Amino acid sequence: MNISLNWLSTHLDLAGKSIREIDDLLTFAGVEVEGIVPKGVSSEKIVVAQIKEAVQHPNADRLKVTQVDAGEGALRQIVCGAQNYKVGDKVPCALPGAELPGGFTINETVMRKVESKGMLCAASEIGLPAGEDGLLILPADAEIGRPVKQLFDSDVLLELEVTPNRPDLLSHRGMARELATLLKTPLKAFEIPSAKTTAATSIQIDAPDACPLYSAIRISGVTVKESPAWLKERLESIGLRPINNIVDVTNFVLHELGQPLHAFDAAKIGGGLVVRHARDGESFTALDESEHSLAGDDLVISDTTGATLALAGVMGGLASGVTVTTTDIVLESAYFTSQGIRRTSRRTALSSDSSYRFERGVDPEGVISAAALTVKLILETAGGSADAAIQLAGEAPVITKPVALDAAKLDQLMGGSIALADAEQILTRLGLSKRSDGAWEIPSFRADLQRHIDLVEEIARVHGLANVPSRMLGTFVPASAIDGAYDADMILRRRLAALGLYECQTIKLISDAQVADALPLRPLQDGDTIRVKLPLSEDHAVMRPSMIPGLVASAVRNVRQQAKSLRLFEMGRVFRNAGGGKSKDQESETLGILLSGPTRPVGWDQAEQIADPFDLKGLVAALIPGASIRFSPKDREGFAIACDIRAGDQSIGVFARLLPSRERELDFNTPVFVAELDLGKVRKLLKGIEHVAELPQFPGSSRDAAMEVASTLPNSEIEGVITKCAETLLVDFECFDVFSDPSSAKLAADRKSLAYRFHYRASDRTLKAEEVETVHKRILKALTEKAGVHFR
Amino acid sequence: MKDQIPAIEADALVRISAATDERALEDARVAVLGKKGSLTLAAAGMKDVPKEEKGAVGQLLNAARASITAALEAKQSALQEIADRAALAGIDTTLPARELAIGGLHPLTLIRDEAIAILRRMGFALADGPEIEDEFHCFDALNTPADHPARNEKDTFYFDSGKLLRTHTSSVQVRTMESAKPPLRIIAPGSAYRRDEIDATHLSVFNQLEGLYVASDVSLPDLKGTLEYFLQELFGPNTEVRFRPHFFPFTEPSFEIDVKLTVKGQEPRWIEVAGCGMVDPAVFEAINKSRKDQAFDPEATTGFAFGMGLDRLAMIRWGIRDIRLLIENDVRFLKQF
């Protein structure tokens, strides 16, 4: 909401208060100051100067070199590009050091090799309303050398954000009342003309719940014309455009007192006024010429013929508005309840200064006085004569009730920082009064004060948190399961970073197209993705069912920035339904990893090594040490070489490579490997050991075996056979070489050779050679029989 | 014999001294001390030495051997030293490092972890709740009127099921109070969603940190002391903190919190970092209704809650001008942290 400081000053003496003080005052009243816009000329260094000479600039066709008298004795040379002046004119001259709106400062300068010691200014350049093109020509009698600011009125526009609980601040009088409370100074007297009222004869309220009070008065013989200067200036000072005297007065009173008003052209009203709900589907053309189809719960003002004149409290109708030909008007001032106005405003997408205030709540006791002030101002600015009395239908609703203040509770919440008497004084200053029973009477403009806590809030707000002591105490609390999960996740994050991966954070809403890159732990069926109803754009329409789409998009972005090595991870929630939409809104936490390109930076003595599946496998193993990570191939639609990632006997995640066609489509030059791990399971695997293992007391013994197998035989089968042997003396084994020869020169192309090393040890003795041999031979035999291995 | 030995010794010392590498030195050793070396042969001649001279010749021989051996050893270590020096001389340590792959944590993780570490020191435990929420936990229980603008489909993401994406982490307050009794002291980091177009200062998905302390005598001094301490830990011990009255449906009184910060090259200014307030009694009433008990009796229970935007804290901390940098994951950005 905009407040003009000059306008505010008509209600409150602000002399001697700096803008900074007013800013602080409003800020600590709970009103956010979003902008402070000085109007008029601010710098003292912009002075009246007379142009004594203007000659063509030697080096620029469009510039002139002027000599001006700025009242300094000597003339001042200034280069100027304007064309609209003649020698002898007086214009604003910004001297070096002058600060112009927009924050730039005038310096002496050289323009195309000609010195320029200042700037001759247009109106808009010094903070005045933009006029004709070119320099602002000042009156001929303006005194040379005098600061230009003295020739124009200045003002300050305050752009304020009023919280929704304080509709009483949505006017200059209301804001002044609040500041007066905080400053402990009286408001300036403000005379509201007395108004006679009479029971309505030509107003019928059919919807008393939505409109408990409606007033109207006819003013005949008005002349609709341009508003007087003072009125236009007031409206312009808060950024409103003057329209005509009738409309301007209603707008003025709205911003003066906070009560919305509306003027109908009396000639357009057939009979009396009816406040009723709209007929379903009734059409309505608003003042802004927008067309609306109304619903049964919209409130309208119609005449007795049934014609709809206005959408109550929101906007007048195009047909019934005041025009230049209007001679008689009917002025409406009413109280509409907030819910209905809010609903209609939202549904029709029509909003106005009027609906803004009704939605938040106006003062029911202010309806008549606002009408009276409006009548007075219309008569002053448009002539005519008003009916003797304002017609009144319904009555002002009572929207406040007395509230008691509990001294003990106040003391507890405030930490004893305010005496009861001081607290009560604050309430009194805010316009509350203490009744004989001790409860506080609430003024009708403070309907937000309904409960004890509302009174406490007012006291705390005015007292200020600066005057409340700080207490540093707290109860002890046990760690939660979430604490454990968080700690495990941070361990994983730090490990991944130490393993050379960057953590990403992607938007959890993705596009339908991106869902194709999803690699959730369980494949998605139709109905398993969750789509928001009204996405902002199709790029952000689906809740991510997997980390991979976001990581792929991040990788693509980096590739476009010429990044070669992509080592990314992200941890967080994924969202899906399960069973084709049967089980809804499952949220789980996963870890996504993406590797592509060189595994480490290429240097002066190291060749590029492009990431392959074993890099990612190694990474997962390093992340969860001791978990015996295995990859178990399992096809995934839309991916290549997909595997379940297994730890022991449980599946903890998925691994895959993007399809080469997808990689090409996304402009990747290197294979892209991704993995997604179930954090719930990984966290459990991080639990650590329960008992430390004794270190071996006796030496062990190793045996190597080179075996030749069909190239299609997965290594896991060999591992499986070895594991199944369950030899207690075999403490470990590893594959240390894989050889194949596509040329068939050394080994048939459909064969491969694997070299394994077996480690044998007993915990209670040094093994004899023959013991080792016996066990080793049993294992080799099993391999021959069960895996078809041929030993070389 | 007596005359031979000094000659052998002199000759050996010359050869040793002349040796320029290990091999020449070894040759010299063999030539003197080897099986057929000159000194070995000379020693073999001892048997022909007259008995009365044996003592003197023996001494001569031993002295020569000792001197030659010492020379050999000295030369040996001199040569080793030269070789070592040569080996080290070839290393240009000013060549670039053999780089390892370096990774790092996202700035949001860093700031969140820092905030959580401080609050845990202060005795808060972590809590959590779903991001796909219902109106009860996101709005109703938080005293938000049925026609409040935040419930608008223009501002909040809804699903066909009627559920919505939580607009704040405050829903975790409700979830926690439904399942636990006071005293409660929790913090809840998490995502929240608003239907804002993504631009330099807005994300439709952003990150918050929520806090709640509910007990029997929680007061404004507790709120003030807790948040002042937290912000001074986060932004520095001398950071000025101010509380501006504000309005939130679920706290009363409510405040917004500013800290006074100096951005390099600028005047110090107040920057909004958080919202807070005393839990509105209407929230406790809604919780009791949902729990079907009086665990949060509004006459006997008080509490405060606070919430802050982690994206915003990260932007303030590192001078990040465009919030989109936080979700684009450009490695050139990420590697700076």
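Quick caveat, the model's predicted, so the values are computed rather than measured.

Splitting chain B by domain gives domain 1 (4-89) and domain 2 (107-334). Using C-alpha coordinates to define each centre, domain 1 of chain B is positioned 87 Å away from domain 2 of chain B.

Here we take up the packing of helix α1 (residues 4-18) of chain B against helix α2 (residues 22-33) of chain B. All names here are of chain B. Relative orientation of the contacting elements α1 and α2 amounts to 165°, with a least axis distance of 9 Å. Comparing the axis directions of α1 and α2 gives the class roughly antiparallel. For the crossing formed where α1 meets α2, the hand is right-handed. Touching Ile8, Ala12, Arg15 and Ile16 of α1 are Leu25, Ala28, Ala31 and Val32, all from α2. Across the contact of α1 with α2, the residue classes break down as seven nonpolar, no polar and one charged.

In many reports, interface size means the accessible area that the parts give up when they come together. Each partner contributes to the interface: chain B provides 72 residues, whereas chain A provides 79 residues. Broken down by element, the residue count for the side of chain B that touches chain A peaks at seven residues, all from helix α8 (residues 220-235) of chain B. For the side of chain B that touches chain A, a count of residues per class yields 35 nonpolar, 14 polar and 23 charged.

Next up on the list: the pairing of strand β4 (residues 184-193) of chain B. Remark: a regular strand shows side chains that alternate across the two faces of the sheet. Residue and element names in this part refer to chain B. Counting buried positions along β4 yields nine of ten residues, so the element is predominantly enclosed. In this sheet, β4 lies alongside strand β1 (residues 125-126) in parallel orientation, the contact comprising two bridges. Each bridged residue has a counterpart across the sheet, and for leucine 126 the counterpart in β4 is isoleucine 187. Relative to strand β5 (residues 205-215), β4 runs antiparallel, the two sharing ten bridges. Considered in β5, the bridge of alanine 192 is made with phenylalanine 206.

Once that is clear, we can look at the packing of helix α6 (residues 338-348) of chain A against helix α7 (residues 353-360) of chain A. All names here are of chain A. Taken N-terminus to C-terminus, the directions of α6 and α7 make an angle of 135°; their axes are 7 Å apart at the nearest point. If you check the angle between α6 and α7, you find them oblique. In this structure, α6 crosses over α7, and the sense of that crossing is left-handed. Here Ser338, Ile341, Arg342 and Ser345 of α6 come into contact with α7, specifically with Ser355, Phe358, Glu359 and Arg360.

Next up on the list: helix α14 (residues 613-623) of chain A. All names here are of chain A. Looking at α14, one finds that the buried residues are Leu616, Leu619, Val620 and Leu623. Each buried residue of α14 lies within a common arc of 95° when the element is viewed along its axis, so the set occupies one face. Contacts from the buried residues of α14 go to α12 (481-498), β32 (583-596), β33 (629-633), β34 (639-647), β35 (650-658) and β36 (672-678).

With that settled, the discussion passes to the sheet that holds strand β2 (residues 32-39) of chain A. Strand pairing in a sheet relies on backbone hydrogen bonds, with the paired strands running either antiparallel or parallel. Residues and elements named next belong to chain A. Reading across from one edge, β1-β12-β2 is the order of the three strands in this open sheet, with antiparallel pairing throughout. In this open sheet, the two strands that pair with only one neighbour each are β1 (2-4) and β2. Here the strands of the sheet are splayed against their neighbours by 25° on average, with no regard to which way each runs. The sheet contact formed by β1 and strand β12 (residues 155-161) spans three bridges and is antiparallel. Residue pairing for β12: asparagine 2 is matched across the bridge by glutamate 159. Packing of helix α2 (residues 19-29) onto the sheet brings it into contact with β2 and β12, and relative to β2 it is tilted by some 155°.

Procedures and definitions
Residues numbered from 1 in each chain as written. Chains lettered and ligands numbered in written order. Predicted model: local features only at pLDDT ≥ 70, side-chain atom pairs only at ≥ 80, totals over all residues. Domains from an automatic or database assignment. Axes fitted to C-alpha atoms, helices over the stretch in contact; angles between N-to-C directions. Helix = DSSP H or I, 4+ residues; strand = E, 2+ residues; numbered from the N terminus. Parallel < 35°, antiparallel > 145°, perpendicular 65-115°, else oblique. Left-handed = near helix turned anticlockwise from the far one by under 90°. Contact = placed C-beta atoms within 7 Å. Nonpolar A, V, L, I, M, F, W, Y, C, P; charged D, E, K, R; others polar. Buried ≥ 20, exposed ≤ 12 C-beta atoms within 10 Å, placed from the backbone. Pairing = 2+ DSSP bridges. Arc of directions from axis to C-beta.

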